[in-house]
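Residue-level structural notes
One-letter residues, chain by chain:
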Amino acid sequence: MVAASATKQVAIIGGGPAGLIAAEVLSQHNIRVDLFDAMPSVGRKFLQAGKGGMNLTHSEAFPDFVNRYRHRQQEMLPLLQTFGADQLRQWAHDLGFDTFVGSSGRVFPTDMRAAPLLRTWLQRLREAGVKFHVRHRWTGWDQQQQLVFATPEGETTVKADAVLLALGGGSWSRLGSDGAWVSQLQQKGIAVAPLKAANCGFECDWSADFRSRFAGSPVKTVVASLTDSAGQRTERQGEFVITERGIEGSLIYVFAAELRDQLEQNGESTLTLDLLPHKTAERIEQELRSRGSKSLTTQLKSKVGIDGVKAGLLRECLSKETFTSERLLAQAIKQFPLRVLRTTPMDEAISTAGGVCFSALNEQLMLQTLPGVFCAGEMLDWEAPTGGYLLTGCFASGFTAGHGILQWLNAQA
């Protein structure tokens, strides 16, 4: 590719992974890159996501990896073929950070931390000439189609040869992703699918007694299953946490998209839990029948292995009639119906679905009706579960948009 002229200036709005990797691509081709972010520093959601261990990507086979993007597999496929899990691991290695595959298949930097990786990355970008402008909140375009920013010193405008919008979704507004860009693009006639909570918790309307006793308690070693609208059943083993309002945790996020969609269609949804995956229903029934003079609570704890929060869930969600039959109770333990009523608020979600529709973009992620304006990252209409898929999708779209900008600038020249 022929490098565009150094007199060309690109404005990137958003300092998350999508914006930063696009800045890296452009800075390697003699482009002046100015990156703007509304927050006092960039990469805040990146750092937050890495607090429990920086999960960069996932090691599973590529067809299974792409399948995680649900209804947007077709659109995400070419992006991931260009910059997928292998390329992301190589990028980290080139930055000086080796990676390893954990027992779950997730990929982490060897030191598990996000801060050193981000710090090294930003230093490399600065050395390549990328200029960062923080506390610059983008508010749209003026009549001359210049970018308008609100800053502590007042309003300022910027004229650029190309623009990348990498503004994130609508969750974690305290870290900069507030979805305020939606109205700006809709005013320009850009198709934007409504933002929805993804990788979120769900509300269950617990009783006051259950909430006071078990909020914050982990529910460990269960198998959850759910059948989607197409009749496909998904099953995963893991754990989740009881909250004041409902449930959350890594096991719940696996099913979050389908639970949310069923809630929208039916007003409620039910996740089925196997509370004792290592025992059959027949064995549980036998253990319940052998209690003699013991109370049911004592037998559940000492013989069956159900106590604490699991016993609380049985009392909270099952009918009184279920406890009068060992067979019904054993079946309920193996196929426990956990009914959810609402998603938790979108701002509390790890990520969001919805965003700029792919139909509004060309293959290089440029807006069809706004030549020279590109979009990338979570603000596009795709979603994926946690486990490295979100981050890889952001890198892939930012990398694609960066190269798309180069192609467009060269075509203009």
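Rules used throughout
- Along each chain, numbering runs from 1 in the same order as the chain's sequence is written.
- Local features in this predicted model are restricted to residues of pLDDT 70 or higher, and side-chain atom pairs are both shown and tallied only at a pLDDT of 80 or more, whereas totals for entire chains, interfaces and linings draw on every residue.
- Hydrogens and waters are ignored; side-chain quantities use all the structure's heavy atoms.
- Only runs of H or I of at least four residues qualify as helices and only runs of E of at least two qualify as strands under DSSP, and these elements are numbered from the N terminus.
- The contact rule is simple, with two residues in contact once any of their heavy atoms fall within 4.5 Å.
- Accessibility throughout is a Shrake-Rupley quantity obtained with a 1.4 Å probe, and a residue counts as covered only by protein chains that appear here.
- We score Asp and Glu as negative and Lys and Arg as positive, and we do not count His or the chain ends.
- The location of each charge is read from NZ of Lys, CZ of Arg, CG of Asp or CD of Glu.
- Each axis is a line fitted through C-alpha atoms, and for a helix only the stretch in contact is used; angles between axes span 0 to 180 degrees, taken between their N-to-C directions.
- Put simply, a crossing is left-handed when the front helix is turned counterclockwise from the back one by less than a right angle, and right-handed when it is turned clockwise.
- Should DSSP find at least two bridges between two strands, the strands are regarded as paired.
- Any Lys or Arg side-chain nitrogen found within 4 Å of a carboxyl oxygen on Asp or Glu counts as a salt bridge.
- In this scheme, a residue with accessible area under 20% of its type's maximum is buried, one over 50% is exposed, and one in between is partly exposed, where area comes from a 1.4 Å probe on protein chains only.

Let's talk about the overall build of the protein
What the protein contains, in helices and strands, is 14 helices and 20 strands. The long-range fraction of contacts in the protein, counting pairs at least 24 apart against all pairs at least 6 apart in sequence, stands at 70%. With the model as given, the accessible surface of the protein reaches about 18600 Å², and the carbon-plus-sulfur share is 46%. Treating the 42 positive side-chain charges of the protein as one cloud and the 42 negative ones as another, the clouds have centres 5 Å apart.

Brief notes about the packing of helix 1 (residues 17-27) against helix 6 (residues 115-127)
Two quantities define a packed helix pair, namely the angle between the helix axes and the distance between the axes. Relative to each other, helix 1 and helix 6 sit at 35°, their axes nearing to 10 Å. Helix 6 is crossed by helix 1, and the crossing has left-handed handedness. Residues Pro 17, Leu 20, Ile 21, Ala 23 and Glu 24 of helix 1 touch helix 6, and the partners they reach there are Leu 118, Trp 121, Leu 122, Arg 124 and Leu 125.

Examining the sheet that holds strand 9 (residues 154-158)
An order of 7-8-9 is seen for the three strands of this open sheet, with the pairing classed as antiparallel. Both outer strands of the open sheet, strand 7 (137-141) and strand 9, are each paired with one neighbouring strand and no more. Direction aside, neighbouring strands of the sheet carry axes that sit 30° apart on average. Sheet topology note: the strand 8 (residues 147-151)/strand 9 ladder contains five bridges and is antiparallel. From the neighbouring strand, Leu 147 faces strand 9, where its bridge partner is Val 158.

What to know about the pattern of salt bridges
Enumeration according to the criterion identifies 27 salt bridges in this entry. Note that Asp 34 is salt-bridged to Arg 32, the shortest N-O span being 3.0 Å. Judged by its relative accessible area of 2%, Asp 34 is buried. Via salt bridges that share partners, Arg 70, Glu 258, Arg 260, Asp 261 and Glu 383 belong to a single interconnected network.

Taken by themselves, the reported measurements are silent on function.
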